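# Topology and contacts: notes
If you want the building blocks of each chain, they are given just below.
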Amino acid sequence: MPKITINGRNVEFQPGQTILQAANAQQITIPQYCYHNGLSIAASCRICLVEIWAPNPKTGQLEPFMGGKLMPSCQQTASDGMVVYSDSPKAVANQKAVMEYLLINHPLDCPVCDQSGECFLQDYSYEYGRGVSRFQEQKVKNPKKDVGPNVLLYADRCIMCTRCVRFTREVTGTSELTVTGRGNKEEIDVFPGIPLDNPLASNVIDLCPVGALLDKDFLFAQRVWFLRETPGIDPLTASGDNITIHHNEGKVYRIKPRFNGAINKWWITDEVRYGWKFVHADNRLRSPTRRQFGTVVECDYHLAYQEVLAAAKHATDEGKRLALLVSPMLTCEEAWLLAKLALAIDPSATLGVGPVPFHGEDKVYPPGASENDPKAFFVCSEKAPNARGVRRVLAAAGGKAPLEFDAFVGALAGAGAVVLTGNYPSQWSTPGLVAALRGRFVAIVDTLSSDLTDAADVVIPGATFAEKAGTFENRSGVLQAFAQAIPVIELAKAEGQIALDLMSMLEGRPDRDENYRVIMVESTRGQVAAGAQTATPRAEAFDAGAVRARMAGVSGLEMFASKVSLPSEAAAARTDMPIVSL
Ligand code: SF4
Ligand code: FES
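What you see is a predicted model; the values in this text were computed from it and never measured.

Broken down by element type, the protein chain carries 15 helices and 26 strands. Along the longest, intermediate and shortest principal axes, the C-alpha atoms of the protein chain span 90 × 50 × 50 Å. Burial status across the protein chain gives 56% buried among its 582 residues. Looking at the protein chain alone, contacts between residues at least 24 apart form 67% of all its contacts between residues at least 6 apart. Only carbon and sulfur atoms are counted for the fraction: they give 53% of the accessible area of the protein chain, which is about 24,700 Å². Each charge class in the protein chain was averaged separately, 58 positive and 64 negative side chains, and the resulting centres sit 4 Å apart.

This brings us to the site of ligand 1. Around ligand 1, the surrounding shell consists of C158, I159, M160, C161, T162, C164, I188, C208, V210, A212 and L213. Among the residues making up the shell around ligand 1, the classes are represented as 10 nonpolar, 1 polar and no charged.

Here the focus is the pairing of strand β21 (residues 415-421). Burial of β21 is extensive: 7 of the 7 residues sit out of reach of the surface. As paired strands, strand β17 (residues 321-326) and β21 are joined by 5 bridges and run parallel to one another. Among the inter-strand pairings, A323 is bridged to a residue of β21, identified as V418. In terms of strand pairing, β21 meets strand β22 (residues 441-446) through 5 bridges, oriented parallel. Following the sheet pairing, T421 is matched in β22 by V445. Note that the unit made of β21, helix α11 (residues 431-437) and β22 has a crossover that is right-handed.

The subject of this paragraph is the domain arrangement of the protein chain. Examined at the domain level, the protein chain breaks down into domain 1 (3-97), domain 2 (113-124 + 135-226) and domain 3 (289-356 + 386-569). The C-alpha centroid of domain 3 is placed 44 Å from the C-alpha centroid of domain 2.

Once that is clear, we can look at the pattern of salt bridges. Evaluation of the coordinates by the stated rule reveals 25 salt bridges. In this structure, the salt-bridge partner of K145 is D189, at a minimum N-O distance of 2.9 Å. A residue pair is termed long-range when its members are at least 10 positions apart, and K145 in strand β7 (residues 144-146) and D189 in strand β10 (residues 187-190) qualify at 44 residues. The exposure classification of K145 matches that of D189, with both residues buried. When the shortest N-O distance is used, the salt bridge between E495 and K468 registers 2.7 Å. Placement of E495 in helix α13 (residues 495-506) and of K468 in the loop between β23 (458-461) and β24 (470-473) is noted, with a sequence separation of 27 residues between them. Residue classification places K468 among the buried residues on the basis of a relative accessible area of 1%. Through salt bridges that share partners, E100, R130 and R134 make up one connected network.

What follows is about the packing of helix α7 (residues 301-317) against α13. Their axes nearest at 10 Å, the elements α7 and α13 cross at an angle of 70°. Between α7 and α13, the interaxial angle falls into the category roughly perpendicular. The handedness of the crossing between α7 and α13 comes out as right-handed. Here H302, Y305, Q306, V308 and L309 of α7 come into contact with α13, specifically with I498, D501, L502, M505 and L506. Its residues assigned to classes, the contact of α7 with α13 comprises 7 nonpolar, 2 polar and 1 charged.

Taken together, 3 strands build an open sheet; the order of strands is β24-β25-β26 and the sheet is mixed. Strand pairing shows two members of the sheet lacking a second neighbour, β24 and β26 (564-565), which therefore form its edges. In the sheet, strand β25 (residues 479-482) pairs with β26 via 2 bridges, with the strands oriented parallel. What sits directly across from Q480, in β26, is S565.

With respect to the helices and strands, C45 occurs in the loop between α1 (19-25) and β3 (49-55). Residue C45 is classed as buried on the basis of its relative accessible area, which comes to 12%. Separated by 117 residues in the primary sequence, C45 and T162 have C-alpha atoms spaced 9.1 Å apart. When residues no more than four places from it in sequence are discounted, the contact partners of C45 are Y33, C34 and V98.

Mapped onto the secondary structure, A544 falls in helix α14 (residues 544-551). Using a relative accessible area of 7% as the deciding quantity, one classes A544 as buried. For the pair A544 and F482, spaced 62 residues apart in sequence, the C-alpha to C-alpha distance is 9.4 Å. Other than its neighbours up to four places away in sequence, A544 contacts E333, A469 and G470.

In terms of nonpolar packing, the biggest core is built from 59 residues, with L322, W336, L351, V393, L394, M551 and F560 touching the most fellow members. By residue number, the principal contributor to this core is helix α8 (residues 332-345), which donates 10 residues. For L394, the contacting residues outside a window of four places in its chain are V326, A335, A339, L351, G352, V353, G399, K400 and P402. The next biggest cluster of nonpolar side chains, apart from the first, holds 43 residues, and it includes C34, I188, L200 and L213.

Turning next to unusual backbone geometry. In this structure, P366 follows Y365 across a cis peptide bond, with omega equal to -5°. With respect to the helices and strands, the residue P366 is situated in the loop between β19 (363-365) and β20 (377-379). Despite not being glycine, R46 has its phi angle at roughly 70°, a positive value. In this fold, R46 is placed in the loop between α1 and β3. R46 sits in the partly exposed class, given a relative accessible area of 33%.

On to a nonpolar patch on the surface, then. On the surface, W53, L62 and Y85 cluster together to form a nonpolar patch covering roughly 250 Å² of accessible area. Relative to the helices and strands, Y85 resides in strand β6 (residues 83-85). A residue is classified by how much of its surface remains accessible, and Y85, at 31% relative accessible area, is partly exposed.

Cut-offs used in this document
- Going along each chain's sequence as written, the residues are numbered from 1 onward.
- To read the labels, note that chains go from A and ligands from 1, taken in the order they are written.
- Local features are withheld for residues below a pLDDT of 70 in this predicted model, meaning they are given only at 70 or higher, and side-chain atom pairs are given and counted only at 80 or more; totals for whole chains, interfaces and linings count all residues.
- To obtain the side-chain values, all non-hydrogen atoms of the structure were included, while hydrogens and water were left out.
- Numbering of helices and strands starts at the N terminus; helices are DSSP runs of H or I of at least 4 residues and strands are runs of E of at least 2.
- Using a 1.4 Å probe on the protein chains alone, a residue whose accessible area is under 20% of its type maximum counts as buried, one over 50% counts as exposed, and one in between counts as partly exposed.
- Residue contacts follow a heavy-atom distance rule, with two residues in contact if any of their heavy atoms lie within 4.5 Å.
- Throughout, the Shrake-Rupley method with a 1.4 Å probe supplies accessible areas, and for residues the shown protein chains are the sole cover considered.
- His residues and chain termini do not enter the charge count, which takes Lys and Arg as positive and Asp and Glu as negative.
- All charge positions are set by atom: Lys at NZ, Arg at CZ, Asp at CG, Glu at CD.
- Throughout this document, a residue counts as near a molecule or strand when at least one of its heavy atoms sits within 4 Å of that molecule or strand.
- Classification convention: Asp, Glu, Lys, Arg as charged; Ala, Val, Leu, Ile, Met, Phe, Trp, Tyr, Cys, Pro as nonpolar; all other residues, Gly among them, as polar.
- Whether two strands pair comes down to DSSP finding at least two bridges between them.
- Crossover handedness is defined by viewing with both strands directed away from the observer: a clockwise path from the first strand over the helix to the second marks the crossover as right-handed.
- The domain limits used here are those given by an automatic or database domain assignment.
- The salt bridge criterion pairs a side-chain nitrogen of Lys or Arg with a carboxyl oxygen of Asp or Glu, the two atoms within 4 Å.
- As a rule, the C-alpha atoms of each element are fitted with a line to give its axis, helices using only the stretch in contact, and angles between N-to-C directions run from 0 to 180 degrees.
- Oblique is the label for every angle not falling under 35 degrees (roughly parallel), over 145 degrees (roughly antiparallel), or within 65 to 115 degrees (roughly perpendicular).
- Note on convention: near helix rotated counterclockwise from far helix by under a right angle means a left-handed crossing. Clockwise means right-handed.
- The definition of a nonpolar core used throughout is a set of buried Ala, Val, Leu, Ile, Met, Phe, Trp, Tyr and Cys residues joined through side-chain atoms within 4.5 Å.
- Patches here: salt-bridge-free residues with over 30% relative accessible area, like charges joined within 9 Å, nonpolar side chains (Val, Leu, Ile, Met, Phe, Trp, Tyr) joined within 5 Å.

See below:
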């Protein structure tokens, strides 16, 4: 493999790579603003200029490359034997000059800027800039602009890297953003009457290395240094996009893309970015309820579980079936535990997969690209993250393919008790389902109140994607695990925990001691309900990794041993640029 030397370190590179790409691959820090792996090379910010020496092809002696001019490392292709310096006096003088020019008109409003703490102008000014400004004149002041439904432009913070402009030209193909003016009057702007409004628009917020493009939804919501980052998987569509959930003190504040070269590259849709609001919705279910003399009353878990198990037993005693509908919004582990529970109660239980919503059409970006293009980004019309995983697990548990939703509704005629799971971000019942449930015992595990929860005999509050760990299988059959970001809300529980609780009760494990004191389950990171007044049977605590290990021993589910990609700590890192250590 050809080699170059960067700041005294030998670096191997792939033919065709630029010096900056070779450096980035080896975590050698060369400052960079306008360069981004997913965009064309503009080489406009000039912070990445390096001094290069290259062997003379005739003599083999090292000579200053291009007569000793500093070269943009983001644009200059590496060639074997080059000796590159980003830390030579000449290169460092350029970095200081670029930083001084960029800061001439940049407002000093870091204390009120949302980007503060994750701003590369801020970081680089410490690392590569001067300690003081020599500029005595008035700074150019540009207006703030509302450029789209989700994005605000603070034009005077812009450093004209043009990443945002290139994104709308090269990735979305919508070209809403452009550069107007010249010199110190140069500005990013939208065309009159054409807002920045496309399905991927808010990726420009992540691309902007400074606080010029800001997220309206996150505006002044939280200082970024308070946020903790947990790797997640797109919980709304079958694309399996890798995300990072940013949260603090049990509240989600924003979702950002996490790089995965095989799936979502650097991007996510605005649908995924802003689709998490139901996690904190007012109509979240927060406590178990049961129907008593026709009225819905809150109850403890003990009573709710007792009622579910009694109704299921009554149904099977009468020769009727227990029917279980597993939502495609649930994880593989939860589907497995719920199916095992249903089959333990009724070995002939009817297993079905919840409705899989579709909206719009599948799309590939850039428009016209093929799905296999290394930089293509796929937008999925299937609006459930785990239909394939749920089908796979139910088939292995039940020994045959589960019923699809319509067939399941049709099969309810033979059911005496029905357990439904939801966890959709909005209403999901259908008139056919509501009609088929009439006259039967219905227990529902869901996250949001709905006409179904209003009509059910027992309601158990479930946990959203942010409140539990698990595995989703995406549209291409890729199994990806994710971690729990925040504790479950109030008395809700992960569906996997609910299944384990019920199994424990079914097996007759005591949930109260001889003095009628509740025996609490051991809590793991908020996977179980808080509150001593709530009876929780002595069940095993839900642990997605342990359930996966058990599933892997079952015929048809061996892939859960080796094919599940686990998010690494490094994957949670927030940036597409090297982090400067100060
Ligand atoms: S708004 Fe941000 S991304 Fe766009 S050119 Fe300015 S600094 Fe770069
Ligand atoms: S000129 Fe190379 S990163 Fe901007």
